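Summary of structural features
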Amino acid sequence: MHKTLVTGGAGFIGSHVARQLWAMKHHVVILDDLSGGLLENIPTGVDFVKGSILDHQLLAELFEKYQFDYVYHLAAYAAEGLSHFIKRFNYQNNLTGSVNLLNECIKHEVKCFVFVSSIAVYGSQQTPMTEDMIPQPEDPYGIAKYAFEMELKASKEMFGQDYIIFRPHNVYGENQNLNDPYRNVLGIFMNQILNGEPLTIYGDGSQTRAFSYIDEVAPVIARSVENPSAYGEIFNIGSDHTCSVRDLAQMIQVAFDSQATIHFLDERKEVHHAFCAHDKLKAYFAPVSSVSLQEGIVRMAGWAKKAERKASYKFDEIEIYKNLPSNWKLD
Ligand SMILES: NC(=O)c1ccc[n+]([C@@H]2O[C@H](COP(=O)([O-])OP(=O)(O)OC[C@H]3O[C@@H](n4cnc5c(N)ncnc54)[C@H](O)[C@@H]3O)[C@@H](O)[C@H]2O)c1
């Protein structure tokens, strides 16, 4: 039985990847500090260790104990827009933490390190973004992801450490944190409707994204290690279909039968149109059935209506207040 570590497995994507791996008969260990994830997301049948990838002593003990075959690294603080204002935290958590994990993988000869990066590495380049473009990340979150991608490449050359990199985009679905005010526009809209608040949109809502249902993403990531030809490769992953944020708001209003108004906020610094090509992914991996945005929203809305309601929280260690959007300031 393969022994497999999933970092961030109490979070949204990580919990689905962990569930898939368990169904594939791996012995799954989740490491998560619960800074963003929830205990109720952890699938049955897996071992759970509460702890941080910043705790290299803990990592050394875990790797010694389990002798992992595979590591899926999803733990991160992924609030991309906020990362400008929490640079130190961003690089410590998302870059240094990742390096701590990689050190142990190299020492213990892990067969494959699966890294969940992001299309944030591309910045605002021409669309569709393809894997052969030279990344030009424009925010600390994307810079940390790209730096670690380069670290994996260097570690393959230096130590033979195999890896696969996925660059997902705008994933949504069940288990997503509905209370995070900084990210996941679907979760933010649903939370606002459930709280009887107006939906907030930065700018005029004409920015477009290819929103991707979790079942189009997690199974491919979980099964990837079974395909050695994918080792050392980078893959965009997610939906081919784009939608504007304004249209998305309307679709969510319909799914909740809601009359909520839309409140337009000042535009913020963000990539206006982001979508990628997935030809490479399709060439390497068996297709998964696609789920339309309308259907995905219905499924997520059904879950959200029943999910336990929790208060929204704000990150309380902002490092730079200059240009911080006013609704991100602590009350
Ligand atoms: N959701 C998306 O659309 C999307 C898009 C691109 C990339 N990603 C990447 O996918 C991964 C998972 O994202 P998600 O949307 O599921 O977010 P999430 O916040 O739901 O999951 C991240 C998990 O990591 C945990 N975590 C954070 N810092 C940690 C630390 N120092 N030690 C241990 N655990 C820690 C959190 O508690 C949380 O459970 C992240 O690496 C993110 O950058 C997500």
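The rules behind the values
Residues numbered from 1 in each chain as written. Predicted model: local features only at pLDDT ≥ 70, side-chain atom pairs only at ≥ 80, totals over all residues. Heavy atoms only, no water. Salt bridge = Lys/Arg side-chain N within 4 Å of Asp/Glu carboxyl O. Core = buried A, V, L, I, M, F, W, Y, C linked by side-chain atoms within 4.5 Å. Buried < 20%, exposed > 50% of the residue type's maximum accessible area, 1.4 Å probe, protein only. Domains from an automatic or database assignment. Contact = heavy atoms within 4.5 Å. Helix = DSSP H or I, 4+ residues; strand = E, 2+ residues; numbered from the N terminus. Buried area = accessible area lost by both parts, 1.4 Å probe. Polar contact = N/O pair within 3.5 Å; in protein donor to acceptor, adjacent residues only side chain to side chain. Nonpolar A, V, L, I, M, F, W, Y, C, P; charged D, E, K, R; others polar. Pairing = 2+ DSSP bridges. Axes fitted to C-alpha atoms, helices over the stretch in contact; angles between N-to-C directions.

1. Looking at the pattern of salt bridges
- The final tally for this structure, using the stated rule, is 11 salt bridges.
- Across the pair K156 and D162 runs a salt bridge whose closest N-O atoms are separated by 2.9 Å.
- Bridged by salt links that share partners, the residues R209, R268 and E270 form one connected network.

2. Some points on the nonpolar core
- In this structure, Y72, F166 and M190 are the most contacted members of the largest nonpolar core, which totals 57 residues.
- Taken domain by domain, this core gets at least three of its residues from each of domain 1 (3–171 + 211–237) and domain 2 (173–209 + 241–275 + 292–314).
- The residues touching M190, leaving out its near neighbours within four places in the chain, are L178, I252, F256, I297, M300, A301 and A304.
- Judged by nonpolar contacts, the second largest core, of 25 residues, contains L31, L101, C105 and F113.

3. Considerations on the environment of D247
- Looking at where D247 falls in the secondary structure, it is placed in helix α7 (residues 245–255).
- Counting along the chain gives 39 residues from D247 to T208, while the straight-line C-alpha distance between them is 9.4 Å.

4. A look at the domain arrangement of the chain
- As far as domains go, the chain holds domain 1 (3–171 + 211–237) and domain 2 (173–209 + 241–275 + 292–314).
- Once you take the C-alpha centre of each, domain 1 and domain 2 turn out to be 25 Å apart.
- On the domain 2 side, the residues contacting the 25 residues of domain 1 number 24 residues.
- For the pair domain 1 and domain 2, the summed buried surface comes to about 2,100 Å²; carbon and sulfur atoms form 58% of the total.
- The largest contributions to the domain 1 side of the interface with domain 2 come from F12, F211 and Y213, which together make up 35% of the buried area.
- Linking domain 1 to domain 2 there are one salt bridge.
- Ionic pairing is found between D215 and R299, a salt bridge with its closest N-O pair at 3.7 Å.
- Scanning the region where domain 1 abuts domain 2 turns up eight residue pairs in polar contact (both at pLDDT 80 or more).
- Broken down by element, the residue count for the side of domain 1 that touches domain 2 peaks at three residues, all from helix α1 (residues 12–23).
- Considered class by class, the residues forming the side of domain 1 that touches domain 2 number 13 nonpolar, nine polar and three charged.

5. Structural notes on the sheet that holds strand β3 (residues 47–50)
- Here we have seven strands laid out as an open sheet, ordered β3-β2-β1-β4-β5-β6-β11, and parallel in their pairing. With partners counted over all chains shown, the strands left at the sheet margins are β3 and β11 (233–237), one partner each. Direction aside, the axes of adjacent strands within the sheet are offset by 15° on average.
- Strand contacts of helix α3 (residues 87–107): β1 (3–7), β4 (70–73) and β5 (112–116), with the helix running at about 175° to β4, the strand carrying the most contacts.
- In this fold helix α4 (residues 140–159) packs onto β4, β5, β6 (163–168) and β11, with an angle of close to 165° to the strand it touches most, β5.

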